[in-house]
Amino acid sequence: MASSSQDTSTNNDELQSNNTDTPEDLDIFVKELMDNMQTRFNRLSDTIVGRIDDMGSKIDDLEKSINDLMDQAGTEETPSGSLEKNAGKGTPKR
């Protein structure tokens, strides 16, 4: 965290030391600032998308594990959504 605050103070010093007396200098300064913000936004966006993808994979793995456990326990989901034991499965009684 100290690095982040140090980077911020360094950026602030650079911003204050920039010569923005002319409109051209101000234009260049604003363009560089916008490019910097865009780069940071893209990096953050990529990080978030990567974490969402990881979470999706973990959820898929969890769902598969739950289904495997349900199969091992001998339960299956009925069309109505409730669980039944497989003990009664087999040939129907007449």
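Right above here is the structure, for reference.
Bear in mind that the values here come from a model prediction, so they are computed numbers and not experimental data. (Residues numbered from 1 in each chain as written. Predicted model: local features only at pLDDT ≥ 70, side-chain atom pairs only at ≥ 80, totals over all residues. Heavy atoms only, no water.)

Trainee: I'm lost on the overall build of the protein in this one. Help?
Mentor: Of the regular secondary structure elements, the protein holds two helices and two strands. Along the chain direction, N to C, the helices and strands of the protein fall in the order α-α-β-β. For the protein, the proportion of its 94 residues judged to be buried stands at 4%. Summed over its atoms, the accessible surface of the protein is roughly 8600 Å², and 54% of this surface lies on carbon and sulfur atoms. (Helix = DSSP H or I, 4+ residues; strand = E, 2+ residues; numbered from the N terminus. Buried < 20%, exposed > 50% of the residue type's maximum accessible area, 1.4 Å probe, protein only. Areas by Shrake-Rupley, 256 points an atom, 1.4 Å probe, with all protein chains shown as cover.)

Trainee: Help me understand the pattern of salt bridges in this model?
Mentor: Oppositely charged side chains may form a pair once their charged atoms are brought near each other. Counted according to the given criterion, the structure contains two salt bridges. Among the ionic pairs, D27 bridges to K31, the shortest N-O distance being 3.4 Å. Residue D27 and its partner K31 are located together in helix α2 (residues 23–73), separated by four residues, close to a single helical turn. Taking relative accessible area as the criterion, D27 reaches 39% and is therefore assigned partly exposed. Across the pair D68 and K64 runs a salt bridge whose closest N-O atoms are separated by 3.1 Å. Of this pair, D68 and K64 both sit in helix α2, four residues apart, which is roughly one turn of that helix. With relative accessibility at 53%, the residue K64 sits in the exposed group. (Salt bridge = Lys/Arg side-chain N within 4 Å of Asp/Glu carboxyl O.)

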